[in-house]
Structures are given as structure tokens and as C-alpha cells.
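So you can see what is in the structure, the chains are spelled out below.
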Amino acid sequence: STETRGPSIGISEEIPDDYQKKVLTLNSLGQPSKPKKDVDFFITKLGHIARRDILIRFENWKEVHLDKNDKCIVAKAVEALGKMFAFEHLSSIDIDWTQNKFRLAWKEYKHELYNKYVKDHPPSILKENPQDGIPLQDWRRFVDNCNLEKFKASSVRNSANRKNQKNSSCLGRKSTAVAREEMAMAKGVPESSIGRVESYKFIYKRKSGEPQDPELVEKLDNYTTLQPESLETSVDNALTQVLGPDSRGHFRGLGEGVCKTMLKKMKPMMQQNIALIEKNTSLEKKVDVLQASILENTAVLKAFMSQGRTSMPDVLVMHFVNEFIGKECDLRGGWPLRVVARGIVQDVDPTIEFGDRRLEEGNFKVYVNVIYDGTVALPLSHDVWKSKLGEIAQGSVIWPKEVLMF
């Protein structure tokens, strides 16, 4: 049956023994980011459990954690959610992000109850009429908490702050982590390379593509043009300079569960992860090149053996033992001579044919994966239709060994 949102919906304690948990991938900030469908389901279930299991009689989140009857309420809630979900490479979903998400869901539920039933109503009558199936004693405590002078002052202050808020998120129920993942996929880059400023502008952009606050976007663009380093994700980047300091426990543009203290601690790890991603990508390309070379060599060897010959000529031996195959290198070209591309050596055999020509002595076949200047002419064109480096995109070229840098 189709489930609806509400406090009565929760995760059943009876889960089949053969139930396969949904595994979520965390991004570089420790937030669940994919698969999107499962992340949305996870957040919905978390909200259901927060409404069902975390009692509203507590005045604040600290009191929730101090309640030690049998077992901490929050620990029970996390355990219930953990029966259906798992985080990739982690033994438990009990991380800071999950705890913070439960806190926010609990606060939002209390806020809804206050606005719907308590605000501007006499407490003496309300206390005897519990709502939403909430136990009487819990309801009375909740109404009392809502009528404390401290709570009223905080409520007035928060209402004033909300009126001053110019922009609101345009993501709907989509989390910032999922939105950042989608941005990264669209650009073909790792999620960790999506900067805080870029993320913020996306969150507050309408479906039409227009920003909610064009003046603010213009200020951010002007500042980042003058200070390009301010695009980096840090505690003192363009957002902080243009909008002012982030409030305690929050960090604009990166979603829930991220704060200044956390980012400072995670920055070295994030930089290390980016370096590892780049290294892994480079290794994968090297493996692809080596596999292609092995297949070519195997074909040559089979042809040689099929002729009934028992010794291999020098050219075949070179195929297997040459030290340059699989090495990364910079390709120099143009005038004055400069580095114009980067790639990986595929072959060095002068007798090998590639396109319309042979490699010939002193030339290497190189797989190009990064082009710095696409206008440079190919020194040894292998295709009559391609004369410039930019026309190759990611592909192989013939390049003189003397202008390669290892």
C-alpha cells in the first residue's frame, strides 16, 4: 500500500530475514548522496521514525540524549533505521550526519505541532486535548514547554529572522547532497570538486534557471572574478565575504550536517581524497592502455607462432619489454616549443601501422588524455582528415620521442 507522511507511519519492527538493506553512498562530506531514489526513501523513513519514537516532551535535544531509560531514544531510532539501510564501507549508519538529521526532523515536527495546535491558544484547554495520538503526559509537558518565557522569546526572535530571509531553497525535498551529486555527474567531475559558491547558486536558482536574487549572484561573480581563490570551499570564501559569517552549526551551500568545525577537520581528508581520485583515474587509463597493448602483442605473437617459427625476432621482444610502454609523458609541440598535451605511451615499435602511416624509427604512439592547446599542428599526422591536436580529442597520436618529456 502507498504510505503517506505523518507521525503514525514508521518502520515496522518485523523485517523479513532475507530483507536486503538498501546501500547508500556517502559523498566527501559524509552525506548520503546516491542512489537518489534510495536517499529520498531513507530521509522519508528517518522522518517517520523521528515522529514516532523521539518524544516531544523533551525541551531540547540535550534532554533527549540524557534520557537513559533502558537505552538512549536516539540510539533506538538509529537502530530501527539501520534495519533497512546501510552506508557503503561503514559498519553502521550511526554517524554525525544521521544524528543531526534526527535532531532536525524532531525539531521540525515540534514546530509543526506548535503552529498547528498551540500557538495563540489557551494552554489550560490545550493540555487536556492531546493531538496526533500523542500520550497525555507527553502532550501536557510539550504545551508547558511551549509556554515558557524562554521559548516565547526564542519564537519571536526566529519569526523575525524568517521575515528577513530573502531566499529559500529551490530544491524542494531533494537534499543538497543529491543536488551536488547531480551537478557533478552533469559536468563529468568528482562531487568533491563542486565548490561551495557554485553549490549555493544552484540551490537558490529557480526551475527557469533564473536566480532568486540576481543582485546577490552579481556580487558573488564580481568578488570571485577579483579573488578567484575565494571559489574554494573554505570557512572564509566568497559567500562569507559577501553574505557575512555563517551562523553557528550551519554552513551555506553544503547542506545539513556540515559546519565550520567539521569542514576544518575534513579539509585535509577531502584534499587527500581528490588526489586519490585523480591518481586512480590515471592508473585506470594506464591499465586500459596496457591491456590494449597486450591484446595487440598477443595477436602478433599468435601470427608469428602460426608460421611454425621457433625464435622471436628483436622487434617482437621489444613489444613486451620496452620500458616506455605505459608511462605517462608530456607532449611538446608548436613554436616556440612548449607542452601542449599529456598522455600515455602505447607503442614504440617502428614497424607498427597506425592510421595511414607507420610509427617509424624514433616515434612513439601516445594516447592523449589531456590537451592544453588544440590549435597545435600534429607533427606526424596519421589521418588525412585530422591535422591539429584539438581534432583528436581523447585518442592516439604519433609523436617524436625527442620532444616527449617523461
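Each chain carries its own residue numbering, running from 1 in the direction its sequence is written. The predicted origin of the model limits local features to residues at a pLDDT of at least 70 and limits the giving and counting of side-chain atom pairs to 80 or more, whereas totals for whole chains, interfaces and linings rest on all residues. Hydrogens and waters are ignored; side-chain quantities use all the structure's heavy atoms.

Caption draft 1: Just the overall build of the protein chain, in detail. Where helices and strands are cited, they refer to DSSP runs of H or I of at least four residues and of E of at least two residues respectively, numbered from the N terminus. Looking only at helices and strands, the protein chain has 13 helices and 10 strands in total. For every residue, the accessible area (1.4 Å probe, protein chains only) is compared with the maximum for its type, and the residue is labelled buried under 20%, exposed over 50%, or partly exposed between those bounds. Looking at the 406 residues of the protein chain, the share that counts as buried comes to 38%. For this analysis, residues touch if any pair of their heavy atoms sits within 4.5 Å. Nonlocal contacts in the protein chain, meaning residues at least 24 apart in sequence, comprise 59% of its contacts between residues at least 6 apart. Under the convention used here, a 1.4 Å probe and the Shrake-Rupley method define accessible areas, while residue burial counts only the protein chains that appear. When the accessible area of the protein chain is evaluated, it comes to approximately 23900 Å², of which 52% is carbon and sulfur surface.

Caption draft 2: The arrangement of empty space enclosed by the protein in detail. Detection works on a 1 Å grid of protein atoms alone, calling trapped sets that fit a 1.4 Å probe cavities and calling open sets with protein on both sides within 12 Å along at least five of seven lines pockets, with lining residues defined by an atom within 4 Å of a point. Grid points are joined across faces, edges and corners, and a volume is the space filled by probe spheres set on the points. A full pass over the atoms with the stated rule returns 1 cavity of 30 Å³ or more. In this model, the largest cavity occupies a volume close to 60 Å³. Lining the largest cavity, in full, are Asn 167, Tyr 200, Lys 201, Tyr 204, Pro 211, Gln 212, Asp 213, Leu 216, Val 217 and Leu 220. Put simply, the parts of the chain that give the lining of the largest cavity at least two residues each are helix H9 (196–203) and helix H10 (214–226). By the convention adopted, Pro, Cys, Tyr, Trp, Phe, Met, Ile, Leu, Val and Ala count as nonpolar, Lys, Arg, Asp and Glu as charged, and the other residues, Gly among them, as polar. Tallied by class, the residues present in the lining of the largest cavity amount to 6 nonpolar, 2 polar and 2 charged.

Caption draft 3: Geometry of the pattern of salt bridges. The term salt bridge refers to a pairing of a side-chain nitrogen on Lys or Arg with a carboxyl oxygen on Asp or Glu at a separation within 4 Å. Counted by the stated rule, this structure contains 17 salt bridges. Measuring nitrogen to oxygen at the nearest pair gives 2.9 Å for the salt bridge that ties Lys 127 to Asp 144. Of this pair, Lys 127 sits in the loop between helix H5 (123–126) and helix H6 (136–146) while Asp 144 is found in helix H6, placing the two residues 17 residues apart along the sequence. Residue Asp 144 is classed as partly exposed on the basis of its relative accessible area, which comes to 34%. For the salt bridge of Glu 182 with Lys 174, the shortest nitrogen-to-oxygen distance reads 2.8 Å. Here Lys 174 falls in the partly exposed class, since its relative accessible area comes to 25%. Sharing partners across several salt bridges, the network here consists of Glu 328, Asp 330 and Arg 342.

Caption draft 4: A look at the confidence of the model for the protein chain. Scored by pLDDT, the protein chain comes out at a mean of 80, with 80% of its residues at no less than 70. The predictor reports its confidence for every residue as pLDDT, a score running from 0 up to 100. Contacts for the low-pLDDT stretch residues 1–12, under 50 throughout, to residues beyond four places or in other chains number 23 contacts.

Caption draft 5: Representation of the packing of helix H1 (residues 36–53) against helix H3 (residues 73–82) in the model. To define axes, lines are fitted to C-alpha atoms, for helices over the stretch in contact only, and angles between the resulting N-to-C directions are given on a 0 to 180 degree scale. The contact between H1 and H3 brings their axes to 10 Å, and the two run at 145 degrees. In this structure, H1 meets H3 at a crossing whose hand is right-handed. Taking contact as the criterion, the partners of Phe 42, Lys 45, Leu 46, Ile 49, Arg 52 and Asp 53 in H1 are, on H3, Ile 73, Ala 77, Ala 80 and Leu 81. Here the residues of the contact of H1 with H3 are counted per class, giving 7 nonpolar, no polar and 3 charged. Should the near helix be turned anticlockwise from the far one by less than a right angle, the crossing is termed left-handed; should it be turned clockwise, right-handed.

Caption draft 6: A look at the environment of Asp 96. Topologically, Asp 96 is positioned in helix H4 (residues 96–118). Each C-alpha atom of the pair Asp 96 and Gln 31 lies 9.5 Å from the other, and the pair is 65 residues apart in sequence.

Caption draft 7: Just the packing of H3 against H4, in detail. Across the interface, H3 lies against H4 with an axial gap of 11 Å and an inter-helix angle of 110 degrees. When the interaxial angle is binned, H3 and H4 end up roughly perpendicular. Side by side, H3 and H4 meet where Val 74, Ala 77, Val 78 and Leu 81 of the first sit next to Thr 98, Gln 99 and Phe 102 of the second. Looking at the contact of H3 with H4 residue by residue, the classes come out as 5 nonpolar, 2 polar and no charged. Roughly parallel here means an angle under 35 degrees, roughly antiparallel means over 145, roughly perpendicular means 65 to 115, and every remaining angle is called oblique.

Caption draft 8: Broad picture of the packing of aromatic side chains. Whether two aromatic rings pair depends on their centres lying within 6.5 Å, for rings of Phe, Tyr and Trp, where Trp uses its six-membered ring; planes under 30 degrees apart make the pair stacked, over 60 edge-to-face, and the rest tilted. Inspection of the entire model under this criterion finds 11 aromatic pairs. Taking 6.2 Å as the distance between ring centres and 75 degrees as the angle between the ring planes, the aromatic pair formed by Tyr 117 and Trp 139 counts as edge-to-face. Taken together, the residues Tyr 117 in helix H4 and Trp 139 in helix H6 connect sequence positions 22 residues apart. For Tyr 117, a relative accessible area of 15% gives the class buried. Judged by its relative accessible area of 0%, Trp 139 falls in the buried class. An aromatic cluster is present here, built from Phe 41, Phe 42, Phe 85, Phe 87 and Trp 97 joined pairwise through their rings.

Caption draft 9: View of the sheet that holds strand E10 (residues 404–405). Here, any two strands with at least 2 DSSP bridges between them count as paired. With antiparallel pairing, 5 strands are arranged side by side in an open sheet as E9-E8-E5-E4-E10. Every interior strand has two partners, whereas the edge strands, strand E9 (395–400) and E10, have only one. Note that strand E4 (residues 328–333) and strand E5 (residues 338–347) share 6 bridges and pair antiparallel. By the bridge assignment for E5, Arg 332 is matched with Val 339.

Caption draft 10: Looking closely at unusual backbone geometry. For the peptide bond that leads from Lys 34 to Pro 35, omega is -5 degrees, which places it in the cis range. As for its placement among the helices and strands, Pro 35 is situated in the loop between strand E2 (32–34) and H1. Residues Trp 335 and Pro 336 are joined by a peptide bond in cis, for which omega reads 0 degrees. Located in the positive-phi region is Asp 120, a residue other than glycine, with phi close to 65 degrees. Here Asp 120 is to be found in the loop between H4 and H5. The exposure class of Asp 120 is exposed, given its relative accessible area of 74%. If you check the backbone angles, Glu 360 has positive phi at about 70 degrees while not being a glycine. Checked against the element boundaries, Glu 360 lands in the loop between strand E7 (357–358) and strand E8 (363–371).

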